[in-house]
Amino acid sequence: THTNTHKHAHRHVVLPAEVARLCPKGKLLSENEWRQLGVQQSRGWGHYAIHRPEPHILMFRRPLGTDPVTGSVATGALASKTKTHNEIPKEK
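Predicted model, so just to flag it, every value in this text is computed and none were measured. (Residues numbered from 1 in each chain as written. Predicted model: local features only at pLDDT ≥ 70, side-chain atom pairs only at ≥ 80, totals over all residues. Heavy atoms only, no water.)

1. Describing the overall build of the chain
Where we set the bar: A run of DSSP states H or I qualifies as a helix once it reaches four residues; a run of E qualifies as a strand once it reaches two. Both are numbered from the N-terminal end. For the exposure calls, accessible area comes from a 1.4 Å probe over protein chains only, and a residue counts as buried if that area is under 20% of its type's maximum, exposed if over 50%, partly exposed in between. Here a residue-residue contact requires only that any non-hydrogen atoms of the pair lie within 4.5 Å.
Within the chain, the secondary structure is distributed over three helices and four strands. Split into buried and exposed, the 92 residues of the chain put 24% on the buried side. The long-range share in the chain, meaning contacts at least 24 apart out of those at least 6 apart in sequence, stands at 47%.

Now the structure itself:
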C-alpha cells in the first residue's frame, strides 16, 4: 500500500510468513536489516512504526521530494509543498 500526507509518502510492506519469522521482534529495522530480509525498494525509506496486531506488516515513510536513487531530499521540496498548502484561500 502507498499513500501520501502533506509531508511524507507512506508505504506498507507485507512480509511472507517465512520471512516474518526471521524479523527481529519489537524494534524498528535499519535499512540494512530490512534489505537483508529481502525488502526491495528505492532509497530514502525508513521503517517508522510497528503495528503490534500485525508485526508482519512493515510501515515505511519518506519525506516528499526524496530522490529515489540517492535517498536525499531535494532542497526546498518540503518547503514548497507547505507553502502551496498554506496559500489555499479560505472561504468567506
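2. Describing the nonpolar core
Spelled out, the test is: Throughout, nonpolar core names a set of buried Ala, Val, Leu, Ile, Met, Phe, Trp, Tyr and Cys residues whose side chains join them through atoms within 4.5 Å.
Among the nonpolar cores identified, the biggest contains 14 residues, and Leu-15, Trp-34, Val-39, Leu-58 and Phe-60 are the most heavily contacted of them. Of all elements in the fold, only β2 (8-14), α1 (17-20) and β4 (57-63) reach the threshold of two or more residues within this core. In this structure Leu-15 touches Ala-20, Cys-23, Val-39, His-56 and Leu-58, once residues within four positions along its chain are discounted.

3. Examining the pairing of strand β3 (residues 46-50)
As a reminder of what qualifies: Any two strands with at least two DSSP bridges between them are considered paired.
Across four bridges, the pairing between β3 and β4 is antiparallel. Looking across to β4, one finds that His-47 is bridged to Phe-60. In this structure, the hairpin formed by β3 and β4 is closed by a connection of six residues.

4. Here we look at the environment of Ala-49
The residue Ala-49 is located in strand β3 in this model. Spatially, the C-alpha atoms of Ala-49 and Arg-61 are 9.2 Å apart, while their sequence positions differ by twelve residues. The contacts of Ala-49, once residues within four sequence positions are left out, are Leu-28 and Met-59.

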